[in-house]
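Structural overview for review
This is what each chain is made of:
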Amino acid sequence: MLGTSTEAKKGWAKIVHKGNFFVNLPVWYIINMNFSWSNQMSEKRIERKIAVIFAADVVGYSKHMKNNEDNTLKSFKACKKILDRLFEEHGGLIFNTAGDSILAEFTSAVSAVVCASEFQKLIKERNLSGDAVVKLEFRIGINMGDVIKEGSNLYGDGVNIAARLETLAQKGGISLSK
């Protein structure tokens, strides 16, 4: 952001980012600078929306993988099948994954919470049944907030807060924002 001080009227401008003063530069220099990120952003319209973000992660996944990679992966895939079925049933849409982390979008907070609750119940039942060679537990964070949509991915505080809430959840638990 360019400052609008008296220096700008004299041919100098302050470059300010979120209220932090960075540098005083001649206006002619700023006009001729190539802000490639700025040009790219102006070409695309930023699509913002309110979404309910569901962030899930396996507790101790690295430890499980170290101990028994094959069975941990089989167990994770079985748990993900349960989650995929629940997402379909409750209107969740996965928009990003990384290893054992799953990020999904819901249009309804109630649907996201019901889905998370059912998932934790089904995982607990699976672990108690003896069918699971590796008993995985999940943490889930749910947040409703503003996000930026780019392609099929979502970014922004809405996603970041859900991910942080997930880390605060207990094993087999769900953390929600107000």
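We now turn to the structure provided with this report. (Residues numbered from 1 in each chain as written. Predicted model: local features only at pLDDT ≥ 70, side-chain atom pairs only at ≥ 80, totals over all residues. Heavy atoms only, no water.)

**Here we look at the pairing of strand β4 (residues 93–98)**
Filter applied, for reference: Between any two strands, pairing holds if DSSP finds at least two bridges. Strands are runs of DSSP state E lasting at least 2 residues, helices are runs of H or I lasting at least 4, and numbering of each runs from the N terminus.
Here β4 pairs with strand β5 (residues 101–106) via 5 bridges, running antiparallel. Across the sheet, residue Thr97 finds its bridge partner in β5, namely Ile102. Once β4 ends, the chain turns through 2 residues before running back antiparallel as β5, passing Gly99 with a positive phi of about 60 degrees.

**Considerations on the packing of aromatic side chains**
Quick reminder of the rule: Planes of paired rings set the category: under 30 degrees apart is stacked, over 60 is edge-to-face and the rest tilted, where pairs are Phe, Tyr or Trp rings (Trp by its six-membered ring) whose centres lie within 6.5 Å.
Under the criterion given, the structure shown has 5 aromatic pairs. In textbook terms, an aromatic cluster arises when at least three aromatic residues are bridged by ring pairs, as seen for Phe54, Phe87 and Phe106.

**Section: the pairing of strand β3 (residues 47–58)**
In this sheet, strand β6 (residues 138–150) lies alongside β3 in antiparallel orientation, the contact comprising 12 bridges. Within β6, the residue paired with Val58 across the bridge is Phe138. Judged from the 5 bridges that link them, β3 and β5 form a sheet pairing that is antiparallel. The residue bridging Val52 from the neighbouring strand is Phe106, located in β5.

**Looking at the side chain of Gln120**
Let me state the cut-off plainly: Polar contacts here mean pairs of N or O atoms no more than 3.5 Å apart (in protein, one a potential hydrogen donor and the other a potential acceptor; neighbouring residues in sequence count only if both atoms are side-chain atoms). In this description, contact between two residues means that some pair of their heavy atoms is separated by no more than 4.5 Å.
As for its position among the elements, Gln120 is in helix α6 (residues 109–129). A distance of 3.0 Å separates a polar atom in the side chain of Gln120 from the backbone oxygen of Phe138. Setting aside its immediate chain neighbours within four residues, Gln120 contacts Phe138, Arg139, Ile140, Gly172, Gly173 and Ile174.

**A word on helix α5 (residues 69–90)**
For the record, the criterion: Given the number of residues in a helix, its expected span is that number minus one, multiplied by 1.5 Å. Only protein chains enter the accessibility calculation, which uses a 1.4 Å probe; a residue whose area is less than 20% of its type maximum is buried, one above 50% is exposed, and one in between is partly exposed. Picture the helix axis, draw a direction to every C-beta atom, and the arc is the one those directions span.
Along its 22 residues, α5 runs 31 Å from first to last C-alpha, staying within 8% of the 32 Å computed at 1.5 Å per residue. Every buried residue belonging to α5 is among Thr72, Ser75, Phe76, Cys79, Ile82, Leu83, Leu86, Phe87 and His90, and all of these are buried. The buried residues of α5 occupy an angular sector of 140 degrees when the element is viewed end-on, so they sit on one face. Residues Asp70, Lys74, Lys77, Lys81 and Glu88 are exposed on α5 and point more than 90 degrees away from its buried face. Summarising the contacts, the buried residues of α5 are in contact with β3, α4 (61–67), β4, β5, α6 and β6. Two residues or fewer after α5 comes Gly91, characterised by a positive phi angle close to 85 degrees.

Keep in mind that these numbers describe shape and distance, not what the molecule does.
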